[in-house]
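Structural overview
Here is how the chains run, residue by residue.
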Amino acid sequence: CDWPWMAAGSTPATVIDQLLEGRSMGEVRDHNGTLFYPPPFTILLDDCQHTFGPSERQQLVAILNSGTSRDATYVLGDREYCLFGPKAFSGNAPLPPSLAARCIPIQLSRKKPSQVISRFDPETARGAAVNILQWLDSLVTEPEWIIARVKQGPPALPARILTAREHDCFEPLLQIANAIGGSWPQKVATAIVACSKRIHRSPSVQVLADVRLWFFIRKDPDYLLSRDLLPLLGSMENRPWAGWKTSSGKSLGHLLDRFGIFSRNFDDGSKKNIKGYVFKDFQDAWERYVQPYTAEEIADRDRSAAEGRTL
């Protein structure tokens, strides 16, 4: 990183002091209006589960959110601060949702016993990175070629459902890859698709996608009864609704309420007022928030059903 500042488990006050130091608009703008940012240029927060609280109403979150856009400023008292610049967060707990929505997620997993690895050696890494560092240094004195390509306009991002903030995160990476050329645009596009599947979603959007999955597996019936749907959702590990049972209907209804989706009453002949959800009630929300299934995924589902396998 270029002039990084790394801190592990720091208090919010410590991070705020570091972020605001020398960053008021009066300090970073010269008489011609050009902005010159002081170091550190890159902020690295490790063990940030000790830095952030559970609430969205945190000054540090507002400050960091303002730093994701070059044109945004953070106002404190009679001063405006420009906090634009790269930042990375590492921890074993989710980021506050509004900050997570402005980040590219990289999910790390414990290695399997069968996986063979070698320990990271900084000296070996420095030797391997010599050519890359020399190339990056050359961009400082001759950046015209990459700037010219960036000015060609925003690149076409992969055809996935991304929010405007997610587009903002991914676009610079694809701009750089397109400027470099070769196989890099395709590599970055593939990475964007992989990362976008792991982007933090609100519980309402996540349960919307999970309901879509169970309708999909069941070949999109006209409806699913709550007594069938709720245990299916409850069987999904690493979800807030893991362990849901047939008595968890109010919890599901609360999450779907924001989309205007409500359970309906059904009559199966033996019992009246059985609760369930109708497929067509979800279609508008699915189109807006959930990536449609591909032809390959549909074919795999049909093959699995024919062979008696479970997806």
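The present account deals with the structure reproduced in this document. (Residues numbered from 1 in each chain as written. Predicted model: local features only at pLDDT ≥ 70, side-chain atom pairs only at ≥ 80, totals over all residues. Heavy atoms only, no water.)

1. Considerations on the sheet that holds strand β7 (residues 264-266)
- Strand order in the open sheet made by the three strands is β6-β8-β7, with antiparallel pairing throughout. Looking at which strands have only one partner, the edges of the open sheet turn out to be β6 (223-225) and β7. The mean angle between the axes of side-by-side strands here comes to 45°, regardless of whether they run parallel or antiparallel.
- Here helix α13 (residues 279-289) sits on the sheet in contact with β6, β7 and β8 (274-278), set at roughly 40° to β8. (Pairing = 2+ DSSP bridges. Helix = DSSP H or I, 4+ residues; strand = E, 2+ residues; numbered from the N terminus. Axes fitted to C-alpha atoms, helices over the stretch in contact; angles between N-to-C directions. Contact = heavy atoms within 4.5 Å.)

2. Structural notes on unusual backbone geometry
- Put simply, Pro-39 and Pro-40 share a cis peptide bond, and its omega is 5°.
- Considering the arrangement of structural elements, one finds Pro-40 in the loop between α2 (25-28) and β2 (42-46).
- Positive phi, normally seen in glycine, also occurs at Asp-220, with a value near 50°.
- Here Asp-220 lies in the loop between α10 (203-217) and β6.

3. What about the packing of α10 against helix α11 (residues 226-234)?
- With their axes 10 Å apart at the nearest point, α10 and α11 run at an angle of 115° to one another. Comparing the axis directions of α10 and α11 gives the class roughly perpendicular. As α10 runs across α11, the sense of the crossing is right-handed. Packed against α10, whose contacting residues are Val-207, Asp-210, Val-211 and Trp-214, the element α11 presents Leu-229, Leu-232 and Leu-233 at the interface.
- Here the residues of the contact of α10 with α11 sort into six nonpolar, no polar and one charged. (Parallel < 35°, antiparallel > 145°, perpendicular 65-115°, else oblique. Left-handed = near helix turned anticlockwise from the far one by under 90°. Nonpolar A, V, L, I, M, F, W, Y, C, P; charged D, E, K, R; others polar.)

4. Topic: the nonpolar core
- Among the nonpolar cores identified, the biggest contains 25 residues, and Leu-208, Leu-233, Leu-252, Leu-256 and Phe-282 are the most heavily contacted of them.
- Looking at this core, the elements with two or more residues in it are α10, α11, α12 (249-256) and α13.
- Looking at which element gives the most residues to this core, the answer is α10, with six residues.
- Among the nonpolar cores identified, the runner-up in size contains 21 residues, and Val-15, Leu-45, Leu-83 and Leu-99 belong to it. (Core = buried A, V, L, I, M, F, W, Y, C linked by side-chain atoms within 4.5 Å. Buried < 20%, exposed > 50% of the residue type's maximum accessible area, 1.4 Å probe, protein only.)

5. Considering the side chain of Ser-98
- Among the secondary structure elements, Ser-98 is positioned in helix α4 (residues 97-100).
- With a relative accessible area of 16%, Ser-98 lands in the buried category.
- Engagement of the side chain of Ser-98 in a polar contact is seen with the side chain of Asn-65, the distance being 3.1 Å.
- The residues touching Ser-98, leaving out its near neighbours within four places in the chain, are Glu-56, Val-61 and Asn-65. (Polar contact = N/O pair within 3.5 Å; in protein donor to acceptor, adjacent residues only side chain to side chain.)

6. Section: the sheet that holds β2
- Read from one edge of the open sheet, three strands run β1-β2-β5, paired in parallel fashion. Each having just a single partner strand, β1 (4-8) and β5 (87-89) make up the two edges of the open sheet. Adjacent strand axes in the sheet meet at a mean angle of 10°, parallel and antiparallel pairs treated alike.
- Sheet analysis places β1 next to β2, joined by five bridges and oriented parallel. Looking across to β2, one finds that Met-6 is bridged to Leu-44.
- Strands β1, β2 and β5 of the sheet are contacted by helix α1 (residues 12-20), whose axis makes an angle of about 175° with β1.

7. Overview of the packing of aromatic side chains
- Scanning the entire structure with this criterion turns up eleven aromatic pairs.
- Where Phe-216 meets Tyr-293, the ring centres are 3.8 Å apart and the plane angle is 10°; that geometry is what we call stacked. Remark: Tyr-293 occurs in the loop between α13 and α14 (295-307) and Phe-216 occurs in helix α10; sequence separation between them is 77 residues.
- Its relative accessible area of 4% is what places Phe-216 among the buried residues.
- On the numbers, 5.8 Å between centres and 55° between planes, the contact of Tyr-277 with Phe-282 is tilted.
- Judged by its relative accessible area of 3%, Tyr-277 falls in the buried class.
- Every member of this aromatic cluster is reached through a ring pair, and the members are Phe-215, Tyr-277, Phe-279, Phe-282 and Trp-286. (Phe/Tyr/Trp six-rings, centres within 6.5 Å; stacked < 30°, edge-to-face > 60°.)

8. Quick look at α1
- All buried positions along α1 are accounted for by Val-15, Ile-16, Leu-19 and Leu-20. Buried residues of α1, seen end-on, are gathered within an arc of 120° and therefore sit on one face of the element.
- On its buried side, α1 packs onto β1, β2, α3 (59-66), β3 (74-76), β4 (79-81) and β5.
- Two residues or fewer after α1 comes Gly-22, characterised by a positive phi angle close to 70°. (Arc of directions from axis to C-beta.)

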